[in-house]
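# Structural description and commentary
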Amino acid sequence: MGIIQRIALVLTIIGAINWGLIGFFRFDLVGAIFGGQSAFLSRVVFALVGISGLACISLLFAPMREAVQDVNRQSHRKLNYSTEFAEENDLSKLKDD
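Summarised in this report is the structure supplied together with it. What you see is a predicted model, and the numbers here were worked out from it, not measured in a lab.

Attention now moves to the overall build of the protein. Helix and strand counts for the protein stand at five helices and zero strands. Secondary structure elements in the protein, listed N-terminal to C-terminal, are α-α-α-α-α. When burial is assessed residue by residue, the protein has 14% of its 97 residues classed as buried. The contacts in the protein between residues at least 6 apart in sequence include a share of 39% that link residues at least 24 apart. Element-wise, carbon and sulfur atoms account for 64% of the exposed surface of the protein, whose accessible area totals about 8,600 Å².

Next comes the structure, spelled out in structure tokens:
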């Protein structure tokens, strides 16, 4: 996960906490800190949280990409040519010379 994605995730978590406070207690923490909902700084924070939420959409599909890469890595490892029942015996030693 890159730096931009981490920053976006932190801002999205801050926005989620703020929405939780609004939903449960009718208290806007961002508005209280930056001078109300219509203050310029509050609007900047709200805009950054919104953009961060859009940036975090890519994180939703990140585990799928990692799983596909793991499968691809495993398929290129040692190939096993033995049978599924037992080890193959070397019959070349049984020849009569």
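Here Gly53 is to be found in helix α3 (residues 40-55). Each C-alpha atom of the pair Gly53 and Leu9 lies 7.6 Å from the other, and the pair is 44 residues apart in sequence.

With that out of the way, let us pick up the side chain of Asp28. Take Asp28: it is sitting in the loop between α1 (3-25) and α2 (29-34). The side chain of Asp28 is buried and forms no salt bridge, while Arg43, the nearest opposite charge, is found at 12 Å. A polar atom in the side chain of Asp28 sits 3.2 Å from the side chain of Gln37. What Asp28 contacts, discounting residues up to four positions off in sequence, is Asn18, Ile22, Gln37 and Phe46.

Let us look at α1. Given a rise of 1.5 Å per residue, 23 residues ought to cover 33 Å, and the 33 Å separating the end C-alpha atoms of α1 matches this to within 8%. For α1, the complete set of buried residues consists of Ala8, Gly15 and Asn18. On the buried face of α1, the contacting elements are α2 and α3. One or two steps after α1, the chain reaches Arg26, where phi turns positive at roughly 55 degrees.

Together, Phe24, Phe25, Phe27, Leu29, Ile33, Phe34, Phe40, Leu41, Val44 and Leu48 make up an exposed nonpolar region whose accessible area comes to about 1,100 Å². Mapped by element, the contributors of at least two residues to the nonpolar patch are α1, α2 and α3. As for its position among the elements, Ile33 is in helix α2. Residue Ile33 is classed as exposed on the basis of its relative accessible area, which comes to 57%.

Further remarks concern the packing of α1 against α3. Between two packed helices, what matters for the description is the angle formed by their axes and the separation of those axes. Close contact between α1 and α3 brings their axes to 8 Å; oriented N to C, the two are set at 120 degrees. Comparing the axis directions of α1 and α3 gives the class oblique. Here the hand of the crossing between α1 and α3 comes out left-handed. Contacts between α1 and α3 pair Ala8, Leu11, Thr12, Gly15 and Asn18 from the former with Phe46, Leu48, Val49, Ser52, Gly53 and Ala55 from the latter. Class assignment for the residues of the contact of α1 with α3 results in six nonpolar, five polar and no charged.

Thresholds, definitions, all that
- The written sequence of each chain sets the order in which its residues are numbered from 1.
- Local features are withheld for residues below a pLDDT of 70 in this predicted model, meaning they are given only at 70 or higher, and side-chain atom pairs are given and counted only at 80 or more; totals for whole chains, interfaces and linings count all residues.
- Excluded from the side-chain calculations are hydrogens and water; all other atoms, namely the structure's heavy atoms, are used.
- The helix count covers DSSP runs of H or I at least four residues long, the strand count covers runs of E at least two residues long, and both are numbered beginning at the N terminus.
- Only protein chains enter the accessibility calculation, which uses a 1.4 Å probe. A residue is then buried if its area is under 20% of the maximum for its type, exposed if over 50%, and partly exposed in between.
- Any two residues whose heavy atoms approach within 4.5 Å at even a single point are treated as in contact.
- Working definition of accessibility: Shrake-Rupley area with a 1.4 Å probe, residue cover restricted to the visible protein chains.
- In this charge count, Lys and Arg are treated as positive and Asp and Glu as negative; neither His nor the chain ends contribute.
- Put simply, a salt bridge is a Lys or Arg side-chain nitrogen that is within 4 Å of an Asp or Glu carboxyl oxygen.
- Any N or O atom pair separated by 3.5 Å or less is treated as a polar contact, with the protein-specific requirement of one donor-capable and one acceptor-capable atom, and with residues adjacent in sequence counted only for side-chain atom pairs.
- For a helix, the expected span equals 1.5 Å multiplied by the number of residues minus one.
- Only residues above 30% relative accessible area that lack a salt bridge enter a patch, with like-charged residues linked at up to 9 Å and the nonpolar side chains Val, Leu, Ile, Met, Phe, Trp and Tyr linked at up to 5 Å.
- Each axis is a line fitted through C-alpha atoms, and for a helix only the stretch in contact is used; angles between axes span 0 to 180 degrees, taken between their N-to-C directions.
- Any angle that falls under 35 degrees is termed roughly parallel, while one over 145 is termed roughly antiparallel, one within 65 to 115 roughly perpendicular, and all others oblique.
- Note on convention: the crossing is left-handed when the near helix lies turned anticlockwise from the far helix by less than a right angle, right-handed when the turn is clockwise.
- Side-chain classes are defined by residue name, with Ala, Val, Leu, Ile, Met, Phe, Trp, Tyr, Cys and Pro counting as nonpolar, Asp, Glu, Lys and Arg as charged, and the others, Gly among them, as polar.

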